[in-house]
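A structural walkthrough
What follows is the residue order along each chain.
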Amino acid sequence: MKIATFNINGIKARLNALTDWLDEAQPDVVLCQEIKSVDEAFPREPFEDRGYNVETHGQKGFNGVAILSKRPLEDVTRGLPGDDTDEQARWIEATVVGDTHACRLCGLYLPNGNPVPGPKYDYKLDWMKRLEARARDLLADEMPALMGGDYNIIPQAEDAAKPEAWVEDALFRPESRAAYRRILNLGFTEAFRAQTEGPGHYSFWDYQAGAWQRDNGIRIDHFLLTPQAADLMVSCTIDKQVRGREKPSDHVPVVLEIAL
DNA sequence: ATGACGTGGAATCCACGA
């Protein structure tokens, strides 16, 4: 089963780019971030016409996550547990049943957190504490599960073309990276780094200052797998070429192949 | 050294992003 994460930066602006990519890459599941749409306005038809089930968790203007899946999505839940007052749409879960295993899918859009310090950074770190709690529960369930999405975390210096430019940024601050590492250290496998080492692998290039043309990117879109999911992993790749197309998102898809 | 680009929503600019 081919499962992708893709921050599309606006579903209305990216409709053609996304459907073109679906037709070409034929993923079974896509975890989408930054749909920037309320649920009622999400254009379901182009995806349903292609055989995808659509589950959204949107809000007006910003954020918003969705799952597209060719197989039925069961037990869908919306919102990251742990704070009933949190109104930002950044988390959605569902279970997909494969040929041999079921897998819990968690799609996430982790807060950016800039500027540092400030309330937005506090929110990021608070959100990551809640993420850690949910991650612990997923491990305790001892079933294949994954958390995929835009983590807004540059895990290591090698994950940025110019790491020195990010040292004061919420995506690369020691506190951010430590919070991410705490989750990894619970027993998760970061899918891309399980197979590929070294610098030069990015999933985001800013629209500004010719970042794409200069390959000035960062790797911030990740899949974290429970041990039961990691045992089924086949490959994890970044579909870099998508960034060079017409009217692209500033992120590209990361694609996980897993033997479900 | 600075700014640069894009999206959505409201409104002819602003918030937000990374």
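Residues numbered from 1 in each chain as written. Chains lettered and ligands numbered in written order. Predicted model: local features only at pLDDT ≥ 70, side-chain atom pairs only at ≥ 80, totals over all residues. Heavy atoms only, no water.

Rules: UniProt positions are given in the numbering used here, feature names are shortened, and annotations may be inferred rather than shown by experiment.
Chain A has the name Exodeoxyribonuclease III in an unreviewed UniProt entry, where Tropicibacter oceani is given as its organism. Reading the Cofactor (unreviewed entry) entry of the UniProt record for chain A gives the comment "Mg(2+)". Per its UniProt entry, chain A bears the Sequence similarities (unreviewed entry) comment "Belongs to the DNA repair enzymes AP/ExoA family."

**Comments concerning the sheet that holds strand S8 (residues 145-150)**
We count it as follows: For two strands to be treated as a pair, DSSP must find at least two bridges joining them. Helix numbering and strand numbering both begin at the N terminus, where a helix is a DSSP run of H or I of at least 4 residues and a strand a DSSP run of E of at least 2. Contacts are assigned to residue pairs that have any heavy atoms within 4.5 Å of one another. Here an angle of 0 to 180 degrees is reported between the N-to-C directions of two axes, which are lines fitted to C-alpha atoms, with helices fitted over the stretch in contact.
Spatially, the six strands line up as an open sheet ordered S5-S6-S7-S8-S12-S9, and their pairing is mixed. Each of the sheet's edge strands pairs with one partner strand only, and the pair in question is strand S5 (73-78) and strand S9 (189-190). Pairing analysis gives six bridges linking strand S7 (residues 102-109) to S8, with the strands arranged parallel. Paired with cysteine 106 across the strands is methionine 147, a residue of S8. Across the sheet, helix H3 (residues 119-141) touches strand S6 (91-97), S7 and S8, and the angle it forms with S7 is around 180 degrees. Seen against the sheet, helix H4 (residues 174-184) touches S8, S9 and strand S12 (221-225) and runs at an angle of roughly 30 degrees to S12.

**Quick look at the protein's contact with DNA strand B**
To keep things clear, this is the line we draw: Only a single heavy atom is needed: when it lies within 4 Å of a molecule or strand, its residue is near that molecule or strand. In protein, a polar contact requires one atom able to donate a hydrogen and another able to accept it; more generally it is a pair of N or O atoms within 3.5 Å, and residues adjacent in sequence count only if both atoms are side-chain atoms. Under the scheme applied here, ten amino acids are nonpolar (Ala, Val, Leu, Ile, Met, Phe, Trp, Tyr, Cys and Pro), four are charged (Asp, Glu, Lys and Arg), and all others, including Gly, are polar.
If you check the shell around DNA strand B, you find 28 residues, and the closest are Glu34, Lys60, Asn112, Gln208 and Ile218. At a separation of 3.5 Å, a phosphate oxygen of DNA strand B approaches a polar backbone atom of glycine 61. Within the side chain of asparagine 112, one N or O atom sits 3.3 Å away from a base nitrogen of DNA strand B. Of the residues belonging to the surface near DNA strand B, the class tally is ten nonpolar, eight polar and ten charged.

**Here we look at helix H1 (residues 15-25)**
Short version of the rule: Burial classes follow relative accessibility: with a 1.4 Å probe on protein chains only, a residue under 20% of its type's maximum area counts as buried, one over 50% as exposed, and anything between as partly exposed. In this description, the arc belongs to the directions extending from the helix axis to the C-beta atoms.
Residues Leu18, Thr19, Trp21, Leu22 and Ala25 constitute the buried set of H1. Along the axis of H1, the buried positions cluster into a sector of 160 degrees, meaning they face one direction only. Glutamine 26 sits one or two positions beyond H1 and adopts a positive phi of about 50 degrees.

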